Amino acid sequence: MTDADRARVERLLAEAARGAAYPPPPALRARVLASLAAERARAGGRPAVARGRRRTVLTAVAALVAAFALAAVAAIPPARTAVAEFFGLVAGERIERGAVVPSNLPAPARPDQFARPAGLTEAAAALGAEVPLPADYGTPEGIFIVAYGGHPLVILQYPTFDLWETRGESFVVVKRVPADAILSIETVRGRPAYWIESRAYEVRFFGPDGVEVLGARRTVDRHALIWRGEELYYRIETELPLGAARDVAASLP
């Protein structure tokens, strides 16, 4: 962990602590002292070994304390949101909240400007499975396919939202959102989901090698609901409010 990462974790935990009602802390002191005493007794006349073992014990204790702190934080919704921004709850998704969004972003593009049109049969072949359609919305107005770093993504275009679907698991989508963006942790059918409510923000796509995929960077000027279903990664880009977007998402497997 870098110094910057450590500082951010400390800041997130400090923010969480301000509104937290912490459970009673675990009784670690007696356990730690007993462990150190046992190590000294086993080490005998080998102080260097004892010191090495003591460091191991202290490292384990530090990990235990960190795990306890994170468990306490996870029980508090505002804290859970803050920590999730750093650690990530939706596989393949990373959100850089508060990042400076470039002022020279290109105009937001709709699927027909960067993806190729396709039919449901071709889209199903790209997904490797039948294309899930949201209930009560009928056939999409447009179906598109775009491949980023060898990962095909299917985009279903409806009047009030675009629905992205893919089976890929080794990519990372990075969103750089303004500091004043509304970011919350939601659930879709019991699974964690991100909700982003913001003006224009930047989206980048990274392949399994960690290298940004050229030509995949784009601008989004709509809200987004992001989650993983039973087999697919989904993203809804929409003008709909959260409740309506979540209703669409709840109808997908």
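Note that this is a predicted model, so its numbers are computed, not measured.

*Asks:* Help me understand the pattern of salt bridges, please; the structure alone is not making it clear to me.
*Replies:* Should the charged atoms of two oppositely charged side chains come close, the side chains can pair. For the structure shown, the criterion picks out 17 salt bridges. In this structure, E122 engages R116 in a salt bridge whose closest nitrogen and oxygen atoms are separated by 2.5 Å. In this structure E122 comes out as partly exposed when scored by relative accessible area, which is 33%. Between D162 and R222 there is a salt bridge; the shortest N-O distance is 2.6 Å. Taken together, the residues span a long stretch of sequence, with D162 in strand β5 (residues 161–166) and R222 in the loop between β10 (218–220) and β11 (223–228) at a distance of 60 residues. Since its relative accessible area comes to 7%, R222 is described here as buried. Salt bridges linked by common partners bring R94, E96, R176, E202, R204, E212 and R217 together as one network.

*Asks:* Even after reading the chapter, I still don't get the packing of aromatic side chains, so can you show me in this structure?
*Replies:* Think of a pair of aromatic rings as described by two things: how far the centres are apart, and how the planes are tilted against each other in angle. With the rule as written, the count across this model stands at eight aromatic pairs. The interplanar angle of 90° and the centroid separation of 5.3 Å between the aromatic rings of F171 and Y233 together place this pair among those described as edge-to-face. Taken as a pair, F171 in the loop between β5 and β6 (172–177) and Y233 in strand β12 (residues 233–238) lie far apart in primary sequence, 62 residues in all. One exposure class covers both F171 and Y233, and it is buried. Taken together, the aromatic side chains of Y148, F171, F205 and Y233 make up a single cluster linked through ring pairs. When the ring centre of W164 is taken as reference, the NZ or CZ atom of R235 above it lies at 4.3 Å.

*Asks:* How should helix α7 (residues 242–250) be read in this particular structure?
*Replies:* Owing to its 3.6 residues per turn, the α-helix brings residues three or four apart onto one side. Within α7, burial applies to L242, A245, V248 and A249. All buried residues of α7 lie within an arc of 125° about the axis, which places them on one face of the element. Of the surrounding secondary structure, the elements contacted by the buried residues of α7 are β5, β7 (182–188), β8 (191–197), β11 and β12.

*Asks:* What should I look at first to understand the sheet that holds strand β3 (residues 142–148) in this one?
*Replies:* Two pairing modes exist for strands in a sheet, parallel and antiparallel, and in both the strands are linked by backbone hydrogen bonds. Strand order across the open sheet formed by eight strands is β2-β3-β4-β5-β12-β11-β8-β7, with antiparallel pairing between neighbours. Of all strands in the sheet, those with a lone pairing partner are β2 (116–117) and β7, marking the two edges. For β7 and β8, the ladder comprises seven bridges, and the chain directions are antiparallel. When the bridges of β8 are listed, I182 appears paired with E197. Each of β2, β3, β4 (151–157) and β5 is contacted by helix α6 (residues 120–127), which is oriented at about 30° to β3, the strand it contacts most.

Reading the values: rules and limits
Within every chain, residues take consecutive numbers counted from 1 along the sequence as written. For this predicted model, a pLDDT threshold of at least 70 governs which residues receive local features, and a threshold of 80 or more governs which side-chain atom pairs are given and counted, while totals over whole chains, interfaces and linings are taken from all residues. Side-chain figures throughout are based on the complete set of non-hydrogen atoms in the structure, without hydrogens or water. Here a salt bridge means any side-chain nitrogen of Lys or Arg lying within 4 Å of a carboxyl oxygen belonging to Asp or Glu. Only protein chains enter the accessibility calculation, which uses a 1.4 Å probe. A residue is then buried if its area is under 20% of the maximum for its type, exposed if over 50%, and partly exposed in between. Counting from the N terminus, the helices are DSSP H or I runs at least four residues long and the strands are E runs at least two residues long. Pairing of aromatic rings covers Phe, Tyr and Trp, the last counted by its six-membered ring, and requires centre-to-centre distances within 6.5 Å; plane angles under 30 degrees mean stacked, over 60 mean edge-to-face, and any other angle means tilted. Whether a charge sits over a ring comes down to the Lys NZ or Arg CZ being within 6 Å of the ring centre and within 35 degrees of the ring normal. Along the arc lie the directions from the helix axis toward the C-beta atoms. Whether two residues are in contact is decided by their heavy atoms, any of which lying within 4.5 Å being enough. At least two bridges found by DSSP between two strands are what make those strands a pair. Fitted lines through C-alpha atoms give the axes, limited to the stretch in contact for helices. The angle between two N-to-C directions lies from 0 to 180 degrees.

What is shown is where atoms sit, not what they do.
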